[in-house]
Amino acid sequence: MSELVAVPVLLPLGAAGLSMAFGRFADVQRWLGLLVLGVIVVDAAVLLYFADVHGPLVLHLGGWAAPVGIALVADRLAALLLLISVIVMFAVLLYSIGQRITDYGRGTASTTFHPIYLVLCSGVSLAYLTGDLFNLFVAFEIMLASSYVLITRRTTANRVRAGMTYTIVSLSSSVLFLTMIGLVYAATGTVNLADLALEMGELPPAPVRALALLMVIVFGVKSAMVPLHFWLPDSYPNAPAPITAIFAALLTKVGIYAMIRTQILVFEREPSWPLMLTLAMATMIVGALGALAQNDLNRMLSFLLVSHIGFMLFGLGVYDIAGLTGVILYIVHHITVQATLFLVSGLITRYTGTVALSRMGGLAKISPLVAVLFAVPALSLAGVPPFSGFVAKLALLRAGVGVGTVWAQVATAVVVLTSLLTLYAVARVWSRAFWGQVREPEGDPDPSDELVVGTGDTSRGMVHATGVLVLSTVLVAVLAGPLAEVSQRAATDLITGEAYRAAVLGGGSGG
Amino acid sequence: MNTVNLTMAVVLGGLYATGFYLLLQRSLMRVLLGIVILGHGANLLLQLAGGSQAGRPPMLGDVPIGQMADPLPQAMALTAIVITFALTTFLLALAYRAWQLLGHDEVQDDVEDRRIRRLEAELAHADEETEQELDSEATR
Amino acid sequence: MTGAEPPEGWPNTGERTWFRSDAPAERWLLSGYSRDSRERTILLELIARVVFPTVLVFSLYLLFAGHYRSGGGFSGGLVAGQAFVLRYLAGGRLDDSSTVSMRPPVLIGTGLTIAVITGLVPVPFGGVVLESASFTFAVPVLGEIKIVSSLFLDVGVYLLIIGVVLDLLRTLGSGIEADIAEREGGRR
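Given the structure is predicted, the values throughout are model-derived calculations rather than measurements.

Visitor: How should the interface of chain B and chain A be read in this particular structure?
Guide: Quoted interface sizes are often the accessible area lost when the parts come together. Taken together, the 37 residues of chain B in the interface contact 34 residues of chain A. Taking both sides of the interface into account, the surface hidden between chain B and chain A amounts to around 3000 Å²; carbon and sulfur atoms contribute 76%. The largest share of the area that chain B buries against chain A comes from Met-76, Leu-87 and Phe-90 of chain B, three residues that together contribute 17% of it. Counting the contacts that link chain B with chain A gives one residue pair in polar contact (both at pLDDT 80 or more). Counting only elements with at least two residues in the side of chain B that touches chain A, the list comes to helix H1 (6-23), helix H2 (28-49), helix H3 (71-102) and helix H4 (111-139) of chain B. The greatest single-element share of the side of chain B that touches chain A, amounting to 14 residues, is contributed by H3 of chain B. Classifying every residue of the side of chain B that touches chain A gives 24 nonpolar, four polar and nine charged.

Visitor: How should I be thinking about the confidence of the model for chain B in this particular structure?
Guide: Detail in the predicted coordinates should be disregarded across regions flagged by low pLDDT. Summarising the model, chain B shows a mean pLDDT of 82, and 91% of its residues fall at 70 or more. Per-element averaging of pLDDT across chain B places H4 of chain B at the bottom with 78 and H1 of chain B at the top with 93.

Visitor: Help me out: how do you make sense of the packing of helix H3 (residues 76-104) of chain A against helix H13 (residues 321-352) of chain A in this one?
Guide: Helix-helix packing is characterised by the crossing angle of the two axes and by the distance between the axes. Residue and element names in this part refer to chain A. Close contact between H3 and H13 brings their axes to 9 Å; oriented N to C, the two are set at 5°. Judged by the inter-axis angle, H3 sits roughly parallel to H13. The residues of H13 that touch H3, namely those facing Leu-77, Leu-80, Leu-81, Ile-84, Ser-85, Val-88, Val-92, Tyr-95, Gln-99 and Asp-103, are Ile-328, Ile-331, Val-332, Ile-335, Thr-336, Ala-339, Leu-343, Gly-346, Leu-347 and Arg-350. Residue composition of the contact of H3 with H13, by class: 14 nonpolar, four polar and two charged.

Visitor: Can you walk me through the side chain of Ser-150 of chain C in this structure?
Guide: All names here are of chain C. With respect to the secondary-structure elements, Ser-150 resides in helix H5 (residues 150-187). Exposure remark for Ser-150: the relative accessible area of 18% places this residue in the buried category. Ignoring any residue separated from it by four or fewer positions in sequence, one finds Ser-150 in contact with His-67 and Ser-132.

Basis of the calculations
Residues numbered from 1 in each chain as written. Chains lettered and ligands numbered in written order. Predicted model: local features only at pLDDT ≥ 70, side-chain atom pairs only at ≥ 80, totals over all residues. Heavy atoms only, no water. Contact = heavy atoms within 4.5 Å. Buried area = accessible area lost by both parts, 1.4 Å probe. Polar contact = N/O pair within 3.5 Å; in protein donor to acceptor, adjacent residues only side chain to side chain. Helix = DSSP H or I, 4+ residues; strand = E, 2+ residues; numbered from the N terminus. Nonpolar A, V, L, I, M, F, W, Y, C, P; charged D, E, K, R; others polar. pLDDT = per-residue confidence, 0-100. Axes fitted to C-alpha atoms, helices over the stretch in contact; angles between N-to-C directions. Parallel < 35°, antiparallel > 145°, perpendicular 65-115°, else oblique. Buried < 20%, exposed > 50% of the residue type's maximum accessible area, 1.4 Å probe, protein only.

Have a look at this one:
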């Protein structure tokens, strides 16, 4: 049974090898990618079911027991996020296949895209499932290395800058990560997360605080927390739409996941964590104000992404079961919604030929379907009642008020304010791009130009993939009840940490 | 309680300082060197994290268990070296591509910075124009 | 000195000098078609020719020694990669592309697949993912041979690393040389 935990990590890696070896057969690559991701979706669903019913599933690789060996752990939190992430990866793969076929025809192969995409999937899965700090580092590197390749493919002059910013910032944070691991190992003699929690309790408070802060910084860079967010709006918008979608949906969330996992499992703390609440407020406000100042649709969405990272940090800052339930719900909602918005932005760009909001207009008349596809996730992001964002935001607000400290209540007020600013930002897109005079689509006179990118056809594959994601955001809202229950159980697991520790350290044989 | 060898601590400090200094440069080649040096620093730190008592190679059968060095930091450092190797080559390729496309390998300004500078230039230009208009009106 | 015409299939880049000599000295050098005579170093070419097979054999030794002594797939692969790097440095891009007939991505893909499959093999036999087992054979002349299943993982890694190094040579080495040649050709 526990072998299933290794599937999301090893299967895409092996498939990436095959996909690379069959680089000349475009259709083989496509079907292989879809098949593998499909299998992992099913696998993740099974993992979630088992983790929820029978407790965390642990696989000790090579039969070496933790804390010496490497353990893969699928508890409720990891399995839930894995499931959502892989569903989004599947839809985005469908979209990018559609885009590729529309632009270049069925026959041509894009030798590197599919293998790298699968490697990215493997890295994301490993980051969710790993039970030790060093493997978390390896997972981040797998994920980031493939993202470097994806963001710099077909480099044009302005993508080089984006790629440079992204790569250099990520690499510096990786070096910090490695340094942090060295210090943690020197202080405790272990890198296993479950074991670390026990060892940290025996250290004097000063080094523990220093290590916690170092972890906040390392994962803060990865998850674009203000003031470490500057690289994100600079790099993401320059990649092709499906790639931006997958980065925005997954990479920052994996950072948040790592932050939650390490802080809560390893360190002991009282509810309401002032440092994290402050950082959360800064992230929300800076992101939202940045979004309002943008004319470039993708840059605006990137700033909104930063601002909504703040919501998740807020939930972590509240630091009790209600807060964590909110965060988990919010991550699930935000992964689907953010990916959808970037995919829709890709569709919009293909109709208008530009990402400049000031040059768009009348899209609602040109394509009512795209208007609907944009409206649902946009309203959901802003947290308007029937959609998924509302459920998640409500959980966060209740947690913020419930914890009862002044700092948390100030932060709760900021959450409400940021929601309004988000609503204003997406309404601005709506009135500029979808209403108003119908504008002629713009051709691309200057490829190095950053705003006008040229129109293209949209194929049914692309629209369907976006549609699937929009439906899944609606589904998140419909299933809010059961999701909230699972999230609450996952949050309880996190706070107590008993089940996790017992599963990782107690098992031993791994069978 | 382990203590760290002073020489090693100084070397570590030197590596980190040099690395971060190079990281702050504009040329991508220097940034690359900075990251390589930082990587060495981090790997050395991992080695030191395993304890400072001189250990012999952790090979079962060759060396008594009591004299072995801690193998875990070595495994971690090896993995980190592999990763640094891969990413260094990637950055090299990127630097070459930048040089090919832009004629230099320098990191460019931030998009917002450039936008603000452009706005400033436009404003300055507009000011000049109004001044010229006023001048011409005055002379007329 | 004007060079002979390039052999069929090689691009005629004008100024480049192409050697196709049967003189014994040339046969000791690399595959015969090399870069501009001004860029050649005879000594390096000679040494590369002699050392190349030795380095490859040493890399195989490292690969097989891996489980119990120092070595392994990664270091073996890197050493083998160095052999190709040496050949590239001595012989240039044309020699490099003629050395290996397999495309690097295929090599990388095969290596990765072998490594992952090795990790999964124990599962049907009731083992744990990535578990290793050792087998001992008695081979007539050689005596007793002990093989550890993780050797196959190392073989995968070995192929992968060679593939990566060859890919680097192709893109960063010969790719850049080709760009430069193209630019020089375009300028004239």
